[in-house]
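Here is what each chain is made of, one letter per residue.
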Amino acid sequence: MKKKSVWEQLSEEETRKTSMIAEDYRKFLSENKTERLCLKTFEKAAKGKKAFFYSEKNKIGGIARIKGDPRDGALWIAAHIDAPRLDLKPNPFYEEVGLAMLKTHYYGGIKKYQWTAIPLSLKGVILTESGKTIDVDIGDNPKDPVFTIADLLPHLSRKVQNDKKITEAIEGEKLTLLAGNIPLPREKEDAVKKHILRILKAQYGIIEEDLISAEIEVVPAGESRYVGFDKSLIGGYGHDDRICSYTSFRAILDAKIKKTAAVLFMDKEEIGSVGNTGAQSTFITDFIIKLLENAGIKPTYTNIRKVFMNSQAISADVGAGTNPNYQEVQDKYNAALIGYGLVITKYTGSGGKGGANDANAEFLWKIRKIFNKNKVIWQAAELGKVDEGGGGTVAKYLSNQGIDTIDIGIPILGMHSPFEIASIADIYEGYKGYKAFLSS
Ligand code: MN
Ligand code: MN
């Protein structure tokens, strides 16, 4: 059971492939910082390959390759394409002390202090009253301005920040972006804010009220980058969970399928898989109905249940790699190492496995056999020490439908931070492992 680095086991050919996939992924991660953008990119690529693609509300979707009768069971991979971030509030604009500001409300489990004093971009959509959808994308083009949350100088932060707990030092209401400083001439009140609104009117044709019918996400600006002298790691925003979405998407296109296979891209995982675009919605059932219709089978309740009951799934979501600075939060005998391959997590949850998906031994046996046969490098791990914390994925919302489901993902460092880190060797093993499963 001794673990060995992926790098010590790759052939020359595979090392080359690792770099190629890593570079493709690095670009994908840089260019697809919202769920809408990810889905659009996957849909375009799927249509190019003439694969089945079905989506709802521009935020949740999936690709499938149909072979045989889906009622005999299908192989699924479910990943999520939302990521922790800040969202603009419905009434974001205000002005104080000569600065126009934008209010935000954070989305998902962020550590608030990590989002101050870094360049940020705005991405999303605004619907005008006439029904026009305006795409917003400011901050990633080097010619664009960026936005930022100004932090307090250390000289004055003793009482307001330094003496507080780290979770309370930066308040949610203080996550506000700098948006401008030039006042509109001859205006008495909110002259800077009015100037910004004038710019928005000129550039996008929008008025302040249009920001009500909008979804604008505040995300870290700039491209993903290689990390380390050997360029063995990629740092960027949104590895969780676009790293598993991307690798499973490539895997289904390349898999040598023997039966129906599908990869699902979920929204709202970071806030509990809720709403009509989360894994708890009827989306998976709707997807199966479309699959059956596509295969010429009536989507009766019995037929839909047959697909669920005979299917098997991987919940492809990131794992926690061991951070050299904080080894004390993990049981080193059951912890994932960066660069040591795909992480198999039998159960998630916290405390006494509360809120877990707990995969059964028989399914683990099947996975282990597939991976070993295909020389996929894997490690078995838990998220952290017992009672240290915990978390969950979309796994339980597949397994409660009757699908055998297991969590298998790529380990990362700095999860939920604006600059998450992953190993390019693990990215390759992710692709390889997901492809092996979908080809089984
Ligand atoms: Mn995740
Ligand atoms: Mn997450």
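None of the values given here were measured: they were computed from a predicted structure.

1. So, the coordination of the manganese ion (ligand 2)
Protein coordination at the manganese ion (ligand 2): the donors are Asp240 (OD), Glu270 (OE), Glu270 (OE) and His416 (NE2), at 2.1 to 2.6 Å from the metal. Sequence spacing of the donor residues for the manganese ion (ligand 2), all on one chain, is D-x29-E-x145-H. Between the manganese ion (ligand 2) and the manganese ion (ligand 1) the interatomic distance comes to 3.3 Å, and Asp240 is a ligand of both metals. Here Glu270 is found in the loop between β12 (261-266) and α7 (283-294), whereas its partner His416 is found in the loop between β20 (411-413) and β21 (420-423), with 146 residues between them in sequence. The buried category is assigned to Glu270, whose relative accessible area is 13%. What makes His416 buried here is its relative accessible area of 18%.

2. Concerning the sheet that holds β20
The strand order across the open sheet built from five strands is β10-β11-β21-β20-β14, with neighbouring strands paired in mixed fashion. Only two strands of the sheet have a single neighbouring strand rather than two, namely β10 (225-227) and β14 (319-320). In this sheet, β21 lies alongside strand β11 (residues 233-236) in antiparallel orientation, the contact comprising four bridges. Its bridge partner being in β21, Gly236 is matched across the sheet by Glu420.

3. Digging into the side chain of Thr116
Of note, Thr116 is situated in the loop between β5 (99-107) and β6 (120-127). A relative accessible area of 9% means that Thr116 is categorised as buried. From its side chain, Thr116 meets the backbone oxygen of Tyr113 in a polar contact 3.2 Å long. For Thr116, the residues in contact, after removing those within four places along its chain, are Ile149, Asp151, Ile170 and Leu175.

4. Brief notes about helix α9 (residues 361-373)
Taking 1.5 Å as the rise per residue, α9 with 13 residues should run 18 Å; its terminal C-alpha atoms sit 18 Å apart, in good agreement. Regarding α9, the residues found buried are Phe363, Leu364, Ile367, Ile370 and Phe371. Down the axis of α9, the smallest arc covering the buried residues is 125 degrees, so these residues share one side. α9 presents Ala361, Glu362 and Lys373 as exposed residues on the side facing more than 90 degrees away from its buried surface. Residues of α9 that are buried make contact with β13 (312-315), β15 (342-345), β17 (378-380), β19 (404-409) and α11 (424-438). Positioned one or two residues after α9, Lys375 has a phi angle of 55 degrees, which is positive.

5. Observations regarding the domain arrangement of the chain
Domain boundaries in the chain define domain 1 (6-83 + 237-438) and domain 2 (85-220). If you average the C-alpha positions of domain 1 and of domain 2, the two centres end up 33 Å apart. On the domain 2 side, the residues contacting the 19 residues of domain 1 number 15 residues. For the pairing of domain 1 and domain 2, the buried interface totals around 1,400 Å² over both sides, and the portion due to carbon and sulfur atoms is 51%. Linking domain 1 with domain 2 are four salt bridges.

Criteria and thresholds
Residues numbered from 1 in each chain as written. Chains lettered and ligands numbered in written order. Predicted model: local features only at pLDDT ≥ 70, side-chain atom pairs only at ≥ 80, totals over all residues. Heavy atoms only, no water. Donors = N, O, S within 2.8 Å, 3.2 Å for Na, K, Ca; no water. Helix = DSSP H or I, 4+ residues; strand = E, 2+ residues; numbered from the N terminus. Buried < 20%, exposed > 50% of the residue type's maximum accessible area, 1.4 Å probe, protein only. Pairing = 2+ DSSP bridges. Polar contact = N/O pair within 3.5 Å; in protein donor to acceptor, adjacent residues only side chain to side chain. Contact = heavy atoms within 4.5 Å. Expected span 1.5 Å × (residues − 1). Arc of directions from axis to C-beta. Domains from an automatic or database assignment. Buried area = accessible area lost by both parts, 1.4 Å probe. Salt bridge = Lys/Arg side-chain N within 4 Å of Asp/Glu carboxyl O.

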